[in-house]
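Here's the letter readout for the chains.
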Amino acid sequence: MKNQKAWMLAAILTCGTAMVLTACSSKNKNKKTAQAEAGDETVEAVDYSDKNNWMHQPEATKDVDCFYVYPTEYVDDSVGAPVFADINEPAMRQPASLTYLIQGTAFEDVANVYVPFYRQCNMAALAKMSVKDRNAALDSIPKTDVFAALDYYFEHLNGGRPFILAGHSQGSIMQSFVLAEYMKAHPEYLKRMIAAYVIGYSITADYLKANPHLKFAERADDTGVIISYNTEAAGNTDNIVVLPGAISINPLNWKRDETYASAEENLGGYIYNEKTESLELYPHAADAKIDLKRGVVITTTKAVAPETVDLFGPASFHENDYPLYYFNIKANAATRVAAYKNLSK
């Protein structure tokens, strides 16, 4: 299998107009002005009362919501390329909508899934930055937009329902800001959080120590918790999304220790088949075992080849964190929703 970015690009070039989102003009003026660390400027957030700025804003047909933030999709290494994607940038919107199919849809059975577009950082620009500058960039315009989207969501869309947070990669970095800052400022919302799937970016022991209002999952059915892991082959190194002190939970047996989970415990991956040019169920797609030293999930899967992207190390499965364990994530979301409802009786 080619990496996911390759099939997404192919899909964008060949798909019909029903799949392609055209960039529409938008006023993008928000009644609220949010501060962001972009120089000394005050950054105005995107207007989330404009439906064009949402990938998904469904009618509420379920009694649980999910607020999903997509990973890095904007990659422009041309000279003078912007550090942040424009909110209407097709090169961000189109692949983000395709990535949703292998990530966000895992929550559709149990939740109304709300997905804002946001002005994310250009991966090509991030790759050239120092760690300090990279963190400052992420903690600026992208966070401003995600927080503004949450403001609109809670004020106009949520209706008091319990909810799941979900993300991947840059989307999970945004969710780490949400958990540490937004939820700390809004404990009334945190009480209704069923779980936060912060996948593809490390949650660390230091992060939890600095945020005592948060807790990491210990099993398959605890609620109000963070679920996080990064998937690698044995021996991977220098992964930009794996931080010192990282913590992971096994996405097959939902344990925090080194108990091995065989591929037989995998309910199925949701993986692109090059021959059929479609997403397909891949039975028993991957095994999983936690490497406690690195704080990652190790797999020996043959369903997909490891990535060799410099930023993620020589043997990462970063883009397949969701696809390899898709149906286990789907089942786990249902388990945690049921547990939350049972506790709320």
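Note that the structure is predicted; figures quoted are calculated from it, not measured.

(A) Spotlight on unusual backbone geometry. You will see that Asp238, though not glycine, has its phi angle at about 50°, which is positive. Phi is positive for His284, close to 50°, though the residue is something other than glycine. Along the polypeptide, His284 turns up in the loop between β13 (278-282) and β14 (289-291). The partly exposed category is assigned to His284, whose relative accessible area is 37%.

(B) Spatial organisation of helix α4 (residues 131-138). Of the positions making up α4, those classed as buried are Arg134, Ala137 and Leu138. Along the long axis of α4, the arc covered by the buried residues comes to 95°, so they all point the same way. At its buried positions, α4 is contacted by α3 (123-126), α5 (141-157) and α6 (170-185).

(C) Up close: helix α9 (residues 326-343). Over its 18 residues, α9 runs 26 Å from end to end, which matches the ideal 26 Å to within 8%, given 1.5 Å per residue. For α9, the full list of buried residues reads Tyr326, Asn328, Ile329, Lys330, Asn332, Ala333, Arg336, Val337, Ala339 and Tyr340. Residues of α9 that are buried make contact with α2 (90-102), β6 (163-168), β7 (193-199), β9 (225-227) and β12 (269-273).

(D) Structural context of the sheet that holds β9. Spatial ordering of the open sheet is given by β3-β5-β4-β6-β7-β9, a layout of six strands whose pairing is mixed. The two strands at the open ends of the sheet, each matched to only one other strand, are β3 (54-56) and β9. Within the sheet, the average angular offset between the axes of one strand and its neighbour, ignoring direction, is 20°. α2 rests against β3, β4 (65-69) and β5 (112-116) of the sheet, and its axis sits at about 30° to β3. Packing against the sheet, α6 makes contact with β4, β6, β7 and β9, and its axis sits at approximately 140° to β6.

(E) Representation of the environment of Glu258 within the structure. Its location among the elements puts Glu258 in the loop between β11 (246-247) and β12. We classify Glu258 as partly exposed; its relative accessible area is 42%. Considering only alpha carbons, one finds Glu258 and Leu292, 34 residues apart in sequence, at a separation of 7.0 Å. Contacts of Glu258, omitting those with residues within four sequence positions, involve Lys289, Ile290 and Leu292.

(F) A look at the environment of Ala137. Turning to its location among the elements, Ala137 is positioned in helix α4. C-alpha of Ala137 to C-alpha of Leu126: the two residues are 11 residues apart in sequence and 8.1 Å apart in space. Leaving out residues up to four positions away in the same chain, Ala137 has contacts with Phe84, Cys121, Leu126, Met129 and Pro142.

(G) Spotlight on the pattern of salt bridges. With the rule as written, the count across this model stands at 10 salt bridges. Where Glu181 meets Lys143, a salt bridge forms, and the shortest distance between an N and an O atom there is 2.8 Å. Taken together, the positions of Glu181 in helix α6 and Lys143 in helix α5 put the pair 38 residues apart, joining distant regions of the chain. A relative accessible area of 13% places Lys143 in the buried class. The shortest N-O distance in the salt bridge between Glu232 and Arg294 comes to 2.7 Å. Taken together, the residues span a long stretch of sequence, with Glu232 in strand β10 (residues 231-232) and Arg294 in the loop between β14 and β15 (296-298) at a distance of 62 residues. Its relative accessible area of 0% is what places Glu232 among the buried residues.

The rules behind the values
- Residues numbered from 1 in each chain as written.
- Predicted model: local features only at pLDDT ≥ 70, side-chain atom pairs only at ≥ 80, totals over all residues.
- Heavy atoms only, no water.
- Helix = DSSP H or I, 4+ residues; strand = E, 2+ residues; numbered from the N terminus.
- Buried < 20%, exposed > 50% of the residue type's maximum accessible area, 1.4 Å probe, protein only.
- Arc of directions from axis to C-beta.
- Contact = heavy atoms within 4.5 Å.
- Expected span 1.5 Å × (residues − 1).
- Pairing = 2+ DSSP bridges.
- Axes fitted to C-alpha atoms, helices over the stretch in contact; angles between N-to-C directions.
- Salt bridge = Lys/Arg side-chain N within 4 Å of Asp/Glu carboxyl O.

Treat this as a map of the structure, not an account of what it does.
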